[in-house]
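Here are the chains, one letter per residue:
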Amino acid sequence: MSEPVVVDAMGGDHGPAETVGGAVMARREHGVPVVLVGRAGEIRVELARHGAVGEIDVVHAEEVVPMGERGAGAVASGASSLKVGCELLRQGAGSAFVSAGSTGAVVACAIRGVGRAPAVLRPALAIALPSVTGGATVLIDAGATADPTPEMIAQFALLGASYAQLVLGVSDPSVGLLSIGSEPGKGNRLTRRVEELLPGLPLRFHGNVEGHDVLAGTVDVIVTDGFTGNIVLKNVEGSVRAVLTLVARSGAAGPEALRGVARRYDPETHGGAALLGLSGTVVVAHGSSRAATITRACVVAHDLAGGGIVARVRDHLAAEPVT
């Protein structure tokens, strides 16, 4: 693909040092064309450290959206790296956009700057979590929308099923609704309403699933609201680290075996979450991303764009509206 992946060089806890380093690795080690957006002077200092001045294009954006920004302020700000990056994607100057910035800010800028795909109520973050069966389960929404309507969550299920089909290769993905019990009718008012909507959609609805099903491979897709989904994601990351630490201290497994398990759940491995339901490809990386994670996020974004994920998800959604 001739269009580069647009990288928000200023986003994340460690930008621009780690974001620039990751972009350079994506270009050199994986052949992914990239363009960096942010404060040009700071970016070029980092490029010089890697001997990459002139190798990667830089688009200047003076403002930086703080990591604590929830969203509205990011949209209202001037020429931030987030807004300029999304605008480049909208104009077709990039194939995808990658940022490790505040999730709320990235989502808000992407909705305003890139735009929702037709018929999409609200975009959602999808991330594939490795399961104990050897496959993966798509968690959606992983943090884009904290207070969705039931109709939005039902549409998230369609987005997640499309992602499982197109990216993971699951021909007929099963979808579970995260709740406090597997029995029908369990959950709060929001969950019970979503449970009523899902059987009427063109997907294989398994029914309710619980927290212990997230890594068990019970279903191919687990759908929930962004508030709950982000807590689940962070809990998985923290629990894996804690368990591996305890196992290492006990001496029950060797370092290499533990590193292998850790790699499966490390953000560096999956790179980031795909923001589905937009008119362009956007990948949101972990806020604490180091260079290797940014590299992976660039590769994921490049592959999603090359596979036409936006158009294919849009076509899947067009099959059945959510009412």
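Criteria and thresholds
- Along each chain, residue indices are assigned from 1 in the same order as the chain's sequence is written.
- Reporting of local features is limited, given that this is a predicted model, to residues whose pLDDT is at least 70; pairs of side-chain atoms are given and counted only at 80 or more, and all residues count toward the totals for whole chains, interfaces and linings.
- Excluding hydrogens and water, the side-chain values take into account all heavy atoms of the structure.
- Each residue gets one of three labels from its accessible area relative to the maximum for its type: buried under 20%, exposed over 50%, partly exposed in between, using a 1.4 Å probe on protein chains only.
- Secondary structure counts use DSSP, requiring at least four H or I residues in a row for a helix and at least two E residues in a row for a strand, with both numbered from the N terminus.
- For two strands to pair, DSSP has to find at least two bridges joining them.
- Under the convention used throughout, the expected extent of a helix is 1.5 Å for every residue step, that is, one less than its residue count.
- Axis geometry follows a simple rule: fit a line to the C-alpha atoms, using only the stretch in contact for helices, then measure angles between N-to-C directions, giving values from 0 to 180 degrees.
- Roughly parallel here means an angle under 35 degrees, roughly antiparallel means over 145, roughly perpendicular means 65 to 115, and every remaining angle is called oblique.
- In this scheme the crossing of two helices becomes right-handed for a clockwise turn of the near helix relative to the far one and left-handed for an anticlockwise turn of less than a right angle.
- We call two residues in contact whenever any of their non-hydrogen atoms come within 4.5 Å of each other.
- Each residue is assigned to one class: nonpolar for Ala, Val, Leu, Ile, Met, Phe, Trp, Tyr, Cys and Pro, charged for Asp, Glu, Lys and Arg, and polar for all the others, Gly among them.

Caption draft 1: Highlighting the pairing of strand 6 (residues 136-140). In terms of burial, strand 6 is largely enclosed, as four of its five residues are buried. In this sheet, strand 6 lies alongside strand 5 (residues 124-130) in antiparallel orientation, the contact comprising five bridges. Directly across from A126, in strand 6, lies its bridge partner I140. Between strand 5 and strand 6, which pair antiparallel in sequence order, lie five residues; one of them, G134, sits at a positive phi of approximately 100°. In the sheet, strand 6 pairs with strand 9 (residues 221-223) via three bridges, with the strands oriented parallel.

Caption draft 2: Broad picture of helix 11 (residues 291-306). Taking 1.5 Å of rise per residue, the 16 residues of helix 11 would be expected to cover 22 Å, and the 22 Å separating its terminal C-alpha atoms lies within 8% of that figure. Within helix 11, the full set of buried residues consists of A291, T293, I294, T295, A297, C298, V299, V300, A301, H302, L304 and A305. One or two residues past the end of helix 11 sits G308, with phi positive at roughly 65°.

Caption draft 3: Here's a closer look at the packing of helix 1 (residues 17-30) against helix 11. The contact between helix 1 and helix 11 brings their axes to 7 Å, and the two run at 50°. When the interaxial angle is binned, helix 1 and helix 11 end up oblique. Relative to helix 11, the crossing made by helix 1 is right-handed. Within the contact between the two elements, helix 1 uses E18, T19, G21, G22, A23, M25, A26 and H30 and helix 11 uses A291, A292, I294, T295, C298 and V299. Taken together, the residues that form the contact of helix 1 with helix 11 break down as eight nonpolar, five polar and one charged.

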